[in-house]
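Coordinates in review
Residues per chain are reported as follows:
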Amino acid sequence: MDNTTPTPEKKTETLNEVVIHFAGDSGDGMQLTGTQFTTSSAIAGNDLNTFPDFPAEIRAPAGTTYGVSGFQIHFGSRKIHTPGDTCDVLVAMNPAALRVNLKHLRDRGIIIANNQGFTPKNLKLAGYEKNPLEDGSLNNYQLHGVDISKLTANALEDLNLGSKIVDRCKNFFALGLMFWMYNRPIEPTLEWIKSKFKDKPELIEANTRALKAGLHYGDITEIFTTRYEIQPAKLKPGTYRNITGNAAMALGFVAASRKSGLELYLGAYPITPASDVLHELSQYKNFKVKTFQAEDEIGAITAAIGASYGGSLGITATSGPGMALKMEAVGLAVMIELPLVIADIQRGGPSTGLPTKTEQADLFQAIYGRNSEAPLCVLAAATPSDCFQMAFEASRIAIKYMTPVILLSDGYIANGAEPWLLPNADELKPIEAKFHTDPENFMPYARDEKTLARPWVIPGTPDMAHRVGGLEKEDKTGDISYDPENHQKMVNYRAEKIERIADDIPDAVVDGDKEGDLLIIGWGSTYGAITSAVERSRKKGKSVSYVHLRYINPFPKNLGEILYNFKKILVPELNKGQLLNVLRAKYLVPAIGYNKVQGLPFKAAELETKIDELLRG
Amino acid sequence: MDNTTPTPEKKTETLNEVVIHFAGDSGDGMQLTGTQFTTSSAIAGNDLNTFPDFPAEIRAPAGTTYGVSGFQIHFGSRKIHTPGDTCDVLVAMNPAALRVNLKHLRDRGIIIANNQGFTPKNLKLAGYEKNPLEDGSLNNYQLHGVDISKLTANALEDLNLGSKIVDRCKNFFALGLMFWMYNRPIEPTLEWIKSKFKDKPELIEANTRALKAGLHYGDITEIFTTRYEIQPAKLKPGTYRNITGNAAMALGFVAASRKSGLELYLGAYPITPASDVLHELSQYKNFKVKTFQAEDEIGAITAAIGASYGGSLGITATSGPGMALKMEAVGLAVMIELPLVIADIQRGGPSTGLPTKTEQADLFQAIYGRNSEAPLCVLAAATPSDCFQMAFEASRIAIKYMTPVILLSDGYIANGAEPWLLPNADELKPIEAKFHTDPENFMPYARDEKTLARPWVIPGTPDMAHRVGGLEKEDKTGDISYDPENHQKMVNYRAEKIERIADDIPDAVVDGDKEGDLLIIGWGSTYGAITSAVERSRKKGKSVSYVHLRYINPFPKNLGEILYNFKKILVPELNKGQLLNVLRAKYLVPAIGYNKVQGLPFKAAELETKIDELLRG
Amino acid sequence: MSEAAVKEAKKYTAKDFQSGQDVRWCPGCGDYSILAQTQRVFPDLGIEKKDIVWVSGIGCSSRFPYYMDTYGLHGIHGRAAVIASGLKMARPELSVWVATGDGDLLSIGGNHFIHVCRRNVDIKILLFNNQIYGLTKGQYSPTSEFGKITKSTPWGSIDYPFNPVALALGAECTFVARSLDRNAKHLQSMIKAAAEHTGTAFIEIYQNCNVFNDGAFFHLTEKGQKEENVVFLEHGKPLVFGANSDKGIKLDGFTPKVVNIENGEFSKNDLLVHDENKNDDVLAYILSSMTYDPNLPTPIGIFKKANKPTYDAEMNKQIQKAIEKRGEGDLDKLLHKGETWVVK
Amino acid sequence: MSEAAVKEAKKYTAKDFQSGQDVRWCPGCGDYSILAQTQRVFPDLGIEKKDIVWVSGIGCSSRFPYYMDTYGLHGIHGRAAVIASGLKMARPELSVWVATGDGDLLSIGGNHFIHVCRRNVDIKILLFNNQIYGLTKGQYSPTSEFGKITKSTPWGSIDYPFNPVALALGAECTFVARSLDRNAKHLQSMIKAAAEHTGTAFIEIYQNCNVFNDGAFFHLTEKGQKEENVVFLEHGKPLVFGANSDKGIKLDGFTPKVVNIENGEFSKNDLLVHDENKNDDVLAYILSSMTYDPNLPTPIGIFKKANKPTYDAEMNKQIQKAIEKRGEGDLDKLLHKGETWVVK
Ligand SMILES: Cc1ncc(C[n+]2csc(CCOP(=O)(O)OP(=O)(O)O)c2C)c(N)n1
Ligand SMILES: Cc1ncc(C[n+]2csc(CCOP(=O)(O)OP(=O)(O)O)c2C)c(N)n1
Ligand code: SF4
Ligand code: SF4
Ligand SMILES: [Mg+2]
Ligand SMILES: [Mg+2]
């Protein structure tokens with residue numbers, strides 16, 4: 001910030017939290033803009049939460065409402081749990097972006113609109129008869145039409161770049177303006193530009209200029225009279241990094257590999273929103289991570305099974321439709337009792353559904369979606385950074401119990417980001433992974449007394465050749481057996497083994513009073529919204545308690561007790577009541593659901609209203 | 001029965017019911033023997049029930065216990081619901097057959113053993129140190145060692161056949177002996193032999209001679225002093241035919257095709273115990289039945305979807321592992337809302353499991369086993385002949401509601417047989433199948449007010465071209481839509497459509513009192529065993545009521561009411577409690593399960609004991 | 001089809017095949033041209049619009065059916081060929097087309113592809129081969145070149161690519177061709193030829209994905225490069241190529257070699273003459289083996305065209321035969337088949 | 001492998017490879033011979049028993065691993081090739097073998113098969129081709145002949161069979177061979193050659209299912225017939241066959257023809273000479289095209305043997321390269337990568 005010109009007097013206001021929504025065409029770079037703002041805010045010490053929301057098409061036709069790509073960031077000086085129900089600032093690069101997102105803007109909220117985007121064609125595509133920037137329809141907001149495209153072009157004028165390239169820089173102008181308005185450091189973005197375009201100096205120059213032009217525009221123009229300051233959040237001391245759920249999950253697996261001494265093997269087939277797990281892991285070759293992009297999801301999981309058989313930590317990552325395809329193979333893994341982690345990054349369905357939208361509707365599939373009695377462990381991550389922890393935990397359980405584990409995440413936390421307090425590698429508990437090598441009395445299906453795990457003997461071990469497979473196994477020997485009593489015994493063992501995992505996981509923790517009128521039970525990515533809603537309700541003096549489940553099969557052992565101490569139980573889910581169903585069947589409690597299936601996360605306010613309603617009624 | 005020689009005086013006793021178990025090596029033709037005895041008994045007017053039980057290997061090594069193939073038939077002059085908990089007669093062709101089945105023989109029961117099968121080698125393979133036919137260990141039974149192989153060879157001596165061929169005829173000798181003992185007509189078997197071997201006259205002669213030799217042996221030998229008579233059962237008047245579940249199911253589909261006017265299209269991939277549905281249907285080409293043996297289960301179901309899209313009644317049939325593979329495609333069918341019937345002939349699992357054994361553990365998979373919210377209708381057949389009715393019903397619902405329907409059967413009723421009171425084709429209700437052809441205001445996702453079904457418009461219809469697919473659809477237009485509210489609406493529609501089927505199915509019927517101490521709820525193939533157990537318990541004066549469910553999703557509307565009128569609810573299932581779970585979750589009743597996962601059907605006695613226990617405790 | 005019917009069908013123009021749905025591909029995507037050529041050539045096929053169905057899987061390319069004003073089924077990933085097979089068996093009178101991508105057809109859908117070829121179901125398959133996964137944002141595909149750096153292979157891919165033409169030949173496809181998104185005329189002629197073929201017709205279309213794999217085929221499509229890098233296969237004609245038609249392909253044993261036909265050493269008469277109707281596939285194999293050879297031009301055109309009864313026709317013939325033999329099925333008789341008895 | 005190790009491994013006899021499990025195939029099944037030849041030849045491979053793994057799918061043939069006293073994984077239907085691929089990538093030092101059937105490998109497993117060929121994963125695939133589904137009791141398979149009457153095709157099948165050799169070639173498999181269950185010596189030599197090949201090795205073994213498809217290959221295996229119907233492919237040798245070695249195969253253009261070499265018209269010198277190492281696949285294709293031709297003998301032997309880096313080796317090389325370039329991964333550094341900040 002060297003070459004700033006003298007500026008008109010501006011005042012600075014301090015805010016506790018702010019929500020900004022960047023929106024434009026799929027090609028307008030809104031995801032990038034959002035990410036840069038996120039990094040900068042994280043480094044400024046704010047807590048934050050983000051929600052990228054984009055169409056399934058790569059570049060949907062310009063100007064259409066279904067082609068709008070958005071990125072919402074919520075940051076503040078207090079703990080931030082959600083990307084925000086409504087936004088304070090809407091940056092709209094075109095009329096479609098305005099049309100789609102205006103309903104989320106709070107009363108008197110700020111609109112920054114790119115005047116050049118509001119062409120007659122774009123207005124028509126968005127369904128506006130008149131230009132809303134001009135017809136007074138936005139009087140209820142603080143409307144700022146800015147010549148973003150034009151000002152960007154002016155700033156780059158003497159660089160002699162093509163008009164397309166110039167136009168692509170406009171998002172940096174918008175970013176610069178927001179940096180100005182919220183007093184963010186620009187250095188991280190300047191660094192990013194430099195490394196991103198390291199072979200294209202003209203683009204470094206262009207984007208840097210656009211960014212600074214936006215920044216200076218805030219300074220010099222008279223439209224903007226106020227800058228805002230958001231103090232750093234009081235976060236736990238330590239080193240932080242901003243992370244998305246998929247990146248965190250990949251790291252969790254690498255950590256588990258290191259801490260167990262097992263090589264990591266990922267079999268995967270690309271699918272939204274799980275592909276980033278593959279992309280991340282395929283970079284870590286120097287961690288001896290093997291990644292195999294298979295011909296399909298069945299190949300992906302069965303190759304991972306082959307690798308696990310060979311002594312690797314075999315994992316696979318996918319989303320709903322791919323998950324459905326893997327289920328026959330999951331049954332094999334249940335039968336041959338090898339470690340395997342199957343990550344399901346859920347998305348909107350059924351069928352191809354809404355590939356880029358979020359949902360929590362694969363819980364049934366995870367618990368029940370296989371032929372016959374094929375029990376396994378099911379875990380669910382709560383936040384982006386929790387994906388690290390749960391990937392590590394899933395691996396630990398898979399190895400210790402010689403079982404497949406399904407780890408549920410979803411599009412919302414997979415792509416969303418939050419500051420992550422980095423663990424030190426040394427602090428992570430080692431995972432004991434032992435290959436059995438003693439041929440004396442070796443039985444492939446003998447079981448550990450406590451865990452009921454069978455021994456893991458890998459090819460290459462002398463004098464312990466044996467055969468495993470999907471036909472029913474004889475107890476201990478592992479030979480093929482069709483014997484009725486043996487079958488019953490083995491079915492029971494497999495179920496009991498999973499049940500016993502409950503001895504090895506933390507008790508469920510009640511956030512709030514241990515008994516009362518209302519208990520909320522949540523799982524997965526709704527953690528943030530529920531936490532916010534519960535906090536708000538408590539502030540209003542309501543007694544609401546909250547249990548968030550990361551362990552879904554088996555449940556924590558104390559869950560039953562907890563449930564029976566509340567008059568009402570509410571289970572909010574982004575599905576039609578799947579955890580609800582499991583809880584009701586198991587504990588026979590008259591829990592009720594709060595369900596939303598719209599491809600979107602909960603808003604804290606929706607939940608707050610529901611809580612009010614329940615505590616009133 | 002022309003050339004019978006004068007026989008020693010034999011007495012004839014009348015019995016109400018008899019259970020015979022034929023057992024031998026996989027290659028001994030026991031399945032055939034059982035089937036022939038079944039036909040003959042059916043024609044003799046008895047009610048009956050059968051249970052074929054064989055290993056997964058085609059011809060497992062001779063003499064081994066795991067290679068034993070068995071066929072049990074229960075027939076009588078009263079209504080017969082099960083193949084019998086224990087047998088009265090055990091025909092054992094070798095020591096392994098004896099070893100495996102002796103535990104099922106009742107006290108003082110009859111053993112007919114083939115002396116020649118009890119060679120030292122076979123005795124050893126079966127784990128006998130001494131010959132049980134000689135060591136007195138079978139004193140508790142009516143033991144008859146018969147030189148079956150030798151006598152057969154004698155009878156065929158002058159035919160100059162190879163010894164292998166001669167040996168293969170021995171099962172007909174055993175059959176003949178049983179025919180004699182239970183006074184069965186031999187004509188049907190003679191007919192069968194003639195048509196089966198129509199190109200091999202020497203085999204007609206050989207098998208006929210063996211059969212008659214067995215028959216005459218009973219007559220002339222002094223070992224057997226008693227013949228038994230079993231009066232015809234008092235069955236509903238009408239024409240009967242003996243039928244297995246898979247054959248009945250195939251006919252049910254053909255009937256639905258005829259009654260709807262839709263061509264039947266089966267996409268299938270062979271898998272035990274479902275392959276016979278393919279085999280049966282592929283014969284009916286003159287009914288315009290198209291059968292396609294696909295490259296795999298995914299190809300099978302997706303081809304059927306293609307056919308349904310073209311206006312056929314698309315169906316597919318499989319078992320557990322194949323079912324798992326189809327689930328992604330089932331989701332597509334849910335989304336594009338076309339008629340489709342998916343028959344799952346359940347078998348022992350998980351994974352490859354016990355392919356030739358029975359189980360009821362795919363209920364979860366049927367209801368829940370897909371990504372996201374993909375509701376569909378689930379039906380279950382109760383008996384072999386009920387497979388006809390339920391296949392017809394599944395087709396009706398699929399067509400009327402434009403939805404996939406899963407029809408559950410299992411290995412036990414699929415291969416088991418019972419007399420079937422034949423419906424007349426005219427009596428079967430027509431199924432209305434209408435293709436929409438009016439382009440005026442046509443909307444591919446407009447809905448019938450009552451059923452919520454969308455219109456079925458098939459390619460070839462002028463001026464109604466439209467596109468369907470697995471991405472979320474816009475209400476009415478069917479265009480792609482990622483709109484949140486629309487998604488919620490469509491998710492709700494799909495759920496509601498399935499719920500409404502409840503208006504269109506019969507109420508659940510309580511067998512017994514409408515309230516009381518104990519209600520049993522069953523589904524699928526356990527019908528016979530539960531019915532028998534309930535009958536027996538009632539005879540003992542206990543008040544037990546019984547509801548058998550053929551409609552599982554949705555449940556009959558009155559089911560809730562029924563449940564609340566009983567103190568205890570017992571749900572016997574051949575799984576670890578799947579229907580139980582669904583009932584508990586939905587109605588919050590403290591139902592308990594009685595579960596067995598042994599690859600075998602329930603015995604009535606087991607259930608009786610459980611009932612006693614519950615009514616005592 | 002009667003001539004009158006052809007005429008009747010001829011009434012269409014390209015516009016009649018536009019569904020009116022917004023086309024949601026990236027600006028500049030090669031898919032637009034394939035769509036345009038299809039819409040341009042379909043009026044000439046003499047098929048009634050109502051009888052045309054497009055089936056697809058999942059991918060950018062698989063959005064194709066939405067943009068054609070015909071019947072359409074946008075299926076699930078990899079299954080288009082077998083969905084289409086089921087439809088064609090059920091309704092042999094329909095004209096069934098598949099739009100698919102290199103991931104959709106050759107990765108997850110590879111099995112259905114080789115089986116439909118083997119069975120010779122009468123459907124037409126247009127493979128939009130952009131050598132990349134477009135819709136999932138740029139992972140390498142089974143046709144990507146060895147060593148390709150993509151999101152999922154930051155250290156370079158280590159898979160050898162399929163040669164889709166060779167694979168189709170190995171699976172005994174009866175019509176195998178290759179074309180280019182940017183050669184409108186050629187693409188039109190291939191689509192037409194596929195339509196005219198009875199049996200499985202497979203066209204591999206090299207398609208530019210300007211977002212994730214821009215320029216993959218520029219050496220075959222752009223002026224100044226394509227002349228030296230493409231050789232067009234024309235039935236009965238020698239294989240000539242080069243900006244000045246100065247080169248040709250000559251066989252050396254089984255091995256195709258480039259020769260100069262202008263400098264006097266060789267003439268057109270020495271060149272390999274294309275014969276798309278050879279009843280063994282050897283010539284087609286030889287031509288297909290040129291595909292990834294950097295020293296040879298890439299063959300574009302029809303590799304093979306063979307006659308063989310189709311699966312769908314055989315299926316329906318069998319039904320006719322059964323009806324002739326047994327009479328049209330009588331449900332009552334069927335129910336009463338086998339051993340029955342009467343209880344009074 | 002060092003010579004000492006070879007010697008050490010040589011200690012085995014066929015018996016050492018018998019697992020002691022009861023063999024549960026039907027008496028007379030061709031699978032017994034394949035098992036016996038494998039057990040006979042394995043001691044000669046110089047591989048330690050502990051390092052051998054057999055992987056299979058589902059089918060009669062897929063029970064094979066139970067009977068070999070090595071490590072074994074009996075997988076699920078159709079997935080053996082890719083399970084084995086995963087294992088081999090994870091443990092490149094193992095010797096990984098696949099036992100599979102024509103249904104398992106070519107029907108449900110077709111896609112994994114062509115992809116493993118394309119990738120050249122160093123596994124050995126033994127296809128027990130009995131042209132029938134054995135374990136499910138006799139439905140036709142993708143290699144059954146057209147018109148075959150089976151339980152699922154009582155009116156005759158209407159699928160054209162795959163030619164597995166051609167399919168493997170189309171998918172660019174690096175080692176392609178064919179053998180016979182009843183020719184012990186030949187089968188042994190093929191298994192040995194496969195073991196010696198580095199890369200995907202595919203052997204199609206014609207196998208008699210005496211219960212559901214008895215005699216399917218008797219013309220190739222039984223005395224009095226086989227002599228006229230089989231031509232053995234031997235590297236560098238002309239294609240001679242016939243009871244009196246009086247016939248041979250000569251190329252007419254690309255078309256193989258039977259000629260008599262005894263009556264003076266032709267001699268051995270006119271015959272096609274086999275070359276299994278040709279770096280294009282054309283000769284292999286020509287030979288494979290003889291398979292179903294009733295006028296030609298069936299080629300048995302190695303069709304193709306080519307050198308190409310394997311997928312598993314490349315994968316592990318890439319890891320070495322990454323470690324060299326970046327140093328062995330440090331978890332703490334990885335966690336702290338990118339933009340971090342400190343809260344105090
Ligand atoms: C079962 C399943 N797996 C994965 C996906 C994700 N997916 C959608 S399209 C696609 C590949 C697209 O590549 P291609 O077929 O080449 O089409 P393109 O987009 O390049 O035209 C993938 C992997 C899916 N939709 N369903
Ligand atoms: C997913 C699945 N589908 C179907 C089956 C049933 N099945 C078992 S083996 C088999 C085919 C066997 O044929 P092949 O591979 O030729 O082996 P063979 O028995 O002839 O040796 C089939 C269809 C199965 N086990 N799993
Ligand atoms: S991503 Fe590539 S293939 Fe897909 S629409 Fe864009 S340019 Fe076309
Ligand atoms: S069914 Fe055929 S392939 Fe299977 S074991 Fe018996 S003979 Fe062998
Ligand atoms: Mg592609
Ligand atoms: Mg086979």
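Residues numbered from 1 in each chain as written. Chains lettered and ligands numbered in written order. Predicted model: local features only at pLDDT ≥ 70, side-chain atom pairs only at ≥ 80, totals over all residues. Heavy atoms only, no water.

1. Let's talk about the overall build of chain A
Operational definition: For helices the rule is a DSSP run of H or I covering at least 4 residues; for strands it is a run of E covering at least 2, with both sets numbered from the N terminus onward. Note on method: radius of gyration uses C-alpha positions; expected globular size equals 2.2 Å times residues raised to 0.38. For the exposure calls, accessible area comes from a 1.4 Å probe over protein chains only, and a residue counts as buried if that area is under 20% of its type's maximum, exposed if over 50%, partly exposed in between. The contact definition used throughout considers only heavy atoms, calling two residues in contact when any of these lie within 4.5 Å. Counting rule applied: Lys, Arg positive; Asp, Glu negative; His and chain ends not counted. Here the site of a charge means NZ on Lys, CZ on Arg, CG on Asp, or CD on Glu.
Each helix and strand in chain A was counted, giving 20 helices and 23 strands. Against the compact-globule benchmark of 25 Å for 617 residues, chain A has a radius of gyration of 27 Å, which places it among compact chains. Principal-axis analysis of the C-alpha atoms places the extent of chain A at approximately 85 × 60 × 45 Å. Counting every position in chain A, which comprises 617 residues, the buried fraction comes to 69%. Expressed as a percentage of contacts within chain A between residues at least 6 apart in sequence, the contacts between residues at least 24 apart total 77%. With 67 positive and 73 negative side-chain charges, chain A shows a separation of 2 Å between the mean positions of the two kinds.

2. Focus: the site of ligand 4
Put simply, the rule is: Distances are taken per atom, and a residue is near a molecule or strand as soon as one of its heavy atoms is within 4 Å of it.
Every residue lining ligand 4 is accounted for by B:Ile58, D:Trp25, D:Cys26, D:Cys29, D:Cys60, D:Asn130, D:Gln207, D:Cys209, D:Asn210, D:Val211 and D:Phe212. Among the chains of the assembly, those with residues near ligand 4 are chains B and D.

3. As for the coordination of the magnesium ion (ligand 6)
A four-donor tetrahedral metal ideally has 109.5 degree angles, and a six-donor octahedral metal ideally has angles of 90 or 180 degrees. We apply this condition: Atoms of type N, O and S within 2.8 Å of a metal are treated as its donors, and for Na, K and Ca the window is 3.2 Å; water is not considered, so some sites may appear to be missing partners.
Distances from the magnesium ion (ligand 6) to its protein donors, D:Asp102 (OD), D:Asn130 (OD1) and D:Ile132 (O), fall at 2.1 to 2.2 Å. With relative accessibility at 7%, the residue D:Asn130 sits in the buried group.

4. Structural notes on the pairing of strand β4 (residues 124-129) of chain C
Residues and elements named next belong to chain C. Cut-off, in case you're wondering: In this description, strands pair whenever DSSP reports at least two bridges between them.
With respect to burial, β4 is a largely interior element, six of its six residues being buried. Covered by surrounding structure in β4 are Lys124, Leu126 and Phe128 together with Ile125, Leu127 and Asn129, the residues of both alternating faces. Bridge count between strand β3 (residues 95-101) and β4: five bridges; the pairing is parallel. Paired with alanine 99 across the strands is leucine 126, a residue of β4. As paired elements, β4 and strand β6 (residues 201-206) share six bridges and run parallel to each other. Pairing of asparagine 129 across the sheet is with tyrosine 206, part of β6.

5. A look at helix α2 (residues 31-41) of chain D
All names here are of chain D. Counting buried positions along α2 yields eight of 11 residues, so the element is predominantly enclosed. Here α2 has its buried residues at Asp31, Ser33, Ile34, Leu35, Gln37, Thr38, Gln39 and Val41. Buried-residue contacts for α2 involve β1 (52-56), α3 (64-67), β4 (124-129), α8 (184-196) and β6 (201-206).

6. Some words on the packing of aromatic side chains
Defined as follows: Each pair of aromatic rings taken from Phe, Tyr and Trp, with Trp reduced to its six-membered ring, is defined by centres within 6.5 Å and is described as stacked if the planes are under 30 degrees apart, edge-to-face if over 60, and tilted in the remaining cases.
Inspection of every chain in the model, using the stated rule, returns 72 aromatic pairs over all chains. On the numbers, 5.9 Å between centres and 80° between planes, the contact of B:Phe292 with C:Tyr311 is edge-to-face. In this pair, B:Phe292 is assigned in strand β11 (residues 290-293) and C:Tyr311 in helix α12 (residues 311-326), connecting two distinct chains. Looking at B:Phe292, the relative accessible area reads 0%, which means it is buried. Ring centres 4.8 Å apart and planes at 55° place the aromatic pair D:Phe42 and D:Trp97 in the tilted group.

7. Brief notes about the interface of chain D and chain A
What counts is decided by this rule: Each of two parts loses accessible area, computed with a 1.4 Å probe, when they are put together; buried area is these two losses added. Put simply, a salt bridge is a Lys or Arg side-chain nitrogen that is within 4 Å of an Asp or Glu carboxyl oxygen. Whenever two N or O atoms come within 3.5 Å, that pair is a polar contact, provided that in protein one can donate a hydrogen and the other can accept it, and provided that, for residues adjacent in sequence, both atoms are side-chain atoms. When residues are grouped by polarity, Ala, Val, Leu, Ile, Met, Phe, Trp, Tyr, Cys and Pro land in nonpolar, Asp, Glu, Lys and Arg in charged, and all others, Gly among them, in polar.
Across the boundary between the two partners, chain D contributes 57 residues, which contact 72 residues of chain A. The largest share of the area that chain D buries against chain A comes from D:Tyr71, D:Leu335 and D:Trp341, three residues that together contribute 16% of it. At the boundary of chain D with chain A, the tally comes to four salt bridges. Between D:Glu328 and A:Arg258 there is a salt bridge; the shortest N-O distance is 3.9 Å. On the surface where chain D and chain A come into contact, there are 29 residue pairs in polar contact (both at pLDDT 80 or more). By residue number, the principal contributor to the side of chain D that touches chain A is helix α12 (residues 311-326) of chain D, which donates eight residues. Partitioned by chemical class, the residues of the side of chain D that touches chain A number 25 nonpolar, 17 polar and 15 charged.

8. Description of the coordination of the magnesium ion (ligand 5)
Residues and elements named next belong to chain C. In the first shell of the magnesium ion (ligand 5), the protein supplies Asp102 (OD), Asn130 (OD1) and Ile132 (O), at 2.0 to 2.2 Å from the metal. Counting residues between consecutive donors of the magnesium ion (ligand 5) along the chain gives the motif D-x27-N-x1-I. Side by side, asparagine 130 and isoleucine 132 carry an identical accessibility label, which is buried.

9. Describing the interface of chain A and chain C
If you look at the interface, chain A gives 27 residues, while chain C gives 29 residues. Contact with chain C buries surface across chain A, with A:Ile58, A:Arg59 and A:Gln293 losing the most and accounting together for 28% of the total. Taken together, the connections running from chain A to chain C amount to two salt bridges. Between C:Arg24 and A:Glu57 there is a salt bridge; the shortest N-O distance is 3.1 Å. In terms of residue count, helix α10 (residues 275-281) of chain A provides more of the side of chain A that touches chain C than any other element does, three residues in total. Taken together, the residues of the side of chain A that touches chain C break down into 12 nonpolar, nine polar and six charged.

10. Regarding unusual backbone geometry
All names here are of chain B. With an omega of -5°, the peptide bond between threonine 272 and proline 273 qualifies as cis. The topology assignment puts proline 273 in the loop between β10 (264-268) and α10 (275-281). Cis geometry marks the peptide bond from glycine 349 to proline 350; its omega dihedral reads 5°. With respect to the secondary-structure elements, proline 350 resides in the loop between β13 (340-346) and α13 (363-368). In this structure, glutamate 337 takes a positive phi of about 50° despite not being glycine. Here the phi dihedral of aspartate 463 falls at roughly 60°; this positive angle occurs in a residue that is not glycine. Turning to its location among the elements, aspartate 463 is positioned in the loop between β16 (417-421) and β17 (467-469).

11. Things to note about the pattern of salt bridges
Any two side chains of opposite charge can pair, given that their charged atoms come close. Taken as a whole and assessed by the stated rule, the structure comprises 104 salt bridges over all chains. A salt bridge links D:Asp69 to A:Arg467, with the shortest nitrogen-to-oxygen separation between them at 3.4 Å. Of the two residues, D:Asp69 sits in the loop between α3 and β2 (71-74) while A:Arg467 sits in strand β17 (residues 467-469), which places them in two different chains. Looking at D:Asp69, the relative accessible area reads 19%, which means it is buried. On the basis of relative accessibility, which here comes to 11%, the residue A:Arg467 falls in the buried class. For B:Glu191, the salt bridge identified is with B:Lys194, shortest N-O distance 3.8 Å. In this pair, B:Glu191 and B:Lys194 are both assigned in helix α7 (residues 187-196), three residues apart and thus about one turn of the helix distant. Of the residues examined, B:Glu191 reaches a relative accessible area of 46% and is grouped as partly exposed. Several salt bridges share partner residues, and in doing so they unite A:Asp85, A:Arg536, A:Lys540, A:Lys542, A:Glu608 and A:Asp612 into one network.

12. Quick word on the domain arrangement of chain A
A common measure of how large an interface is: the accessible area buried when the components associate. All names here are of chain A. Where we set the bar: Throughout the structure description, domain borders are defined by an automatic or database domain assignment.
In terms of domains, chain A is made up of domain 1 (11-230), domain 2 (241-425) and domain 3 (516-616). The C-alpha-based centres of domain 1 and domain 2 are spaced at 34 Å. Both sides together, the interface formed by domain 1 and domain 2 hides about 990 Å², and carbon and sulfur atoms give 56% of it. Its largest share of buried area at the contact with domain 2, domain 1 owes to Thr50, Phe54 and Ala56, together 36% of the area lost on that side.

13. Some points on the packing of helix α9 (residues 245-260) of chain A against helix α14 (residues 386-401) of chain A
Two measures define how a pair of helices packs: the angle their axes make with one another and the distance between the axes. Residues and elements named next belong to chain A. Our working definition: Where helices are involved, their axes are fitted lines through C-alpha atoms of the stretch in contact, as for all axes, and angles between N-to-C directions lie from 0 to 180°. Under this scheme an angle from 65 to 115 degrees is roughly perpendicular, one under 35 degrees roughly parallel, and one over 145 degrees roughly antiparallel; angles in between are oblique. Working rule for handedness: look at the near helix, and if it is turned counterclockwise from the far one by less than a right angle, call the crossing left-handed; if clockwise, right-handed.
At a closest axis distance of 7 Å, the pairing of α9 and α14 adopts a crossing angle of 40°. Comparing their axes, α14 and α9 come out oblique. Like other packed secondary-structure pairs, α9 and α14 cross with a definite hand, here right-handed. Contacts between α9 and α14 involve Gly245, Ala248, Met249, Leu251, Gly252, Phe253, Ala255, Ala256, Lys259 and Ser260 from the first element and Cys387, Phe388, Ala391, Phe392, Ser395 and Ile399 from the second. For the contact of α9 with α14, the residue count by class is 11 nonpolar, four polar and one charged.

14. Looking at the side chain of D:Thr174
Residues and elements named next belong to chain D. Along the chain, threonine 174 turns up in the loop between α7 (164-170) and β5 (175-180). There is a polar contact of 2.7 Å between the side chain of threonine 174 and the side chain of asparagine 120. One polar contact links threonine 174 to histidine 197, side chain to side chain, over a distance of 2.9 Å. Those residues within four positions of threonine 174 in sequence are excluded, and the remaining contacts are Asn120, His197, Gly199, Thr200, Lys304, Lys305, Ala306 and Lys308.

15. Quick look at a positive patch on the surface
The condition that has to hold: Grouping into patches uses exposed residues only, defined as over 30% relative accessible area, and leaves out salt-bridged ones; the cut-off is 9 Å for like charges and 5 Å for nonpolar side chains (Val, Leu, Ile, Met, Phe, Trp, Tyr). The protein chains shown are the only cover counted for residues, whose accessible areas, like all others here, come from Shrake-Rupley with a 1.4 Å probe.
Together, C:Lys321, C:Lys325, C:Arg326 and C:Lys337 line one region of the surface with positive charge. Structurally, C:Lys325 is set in helix α12.

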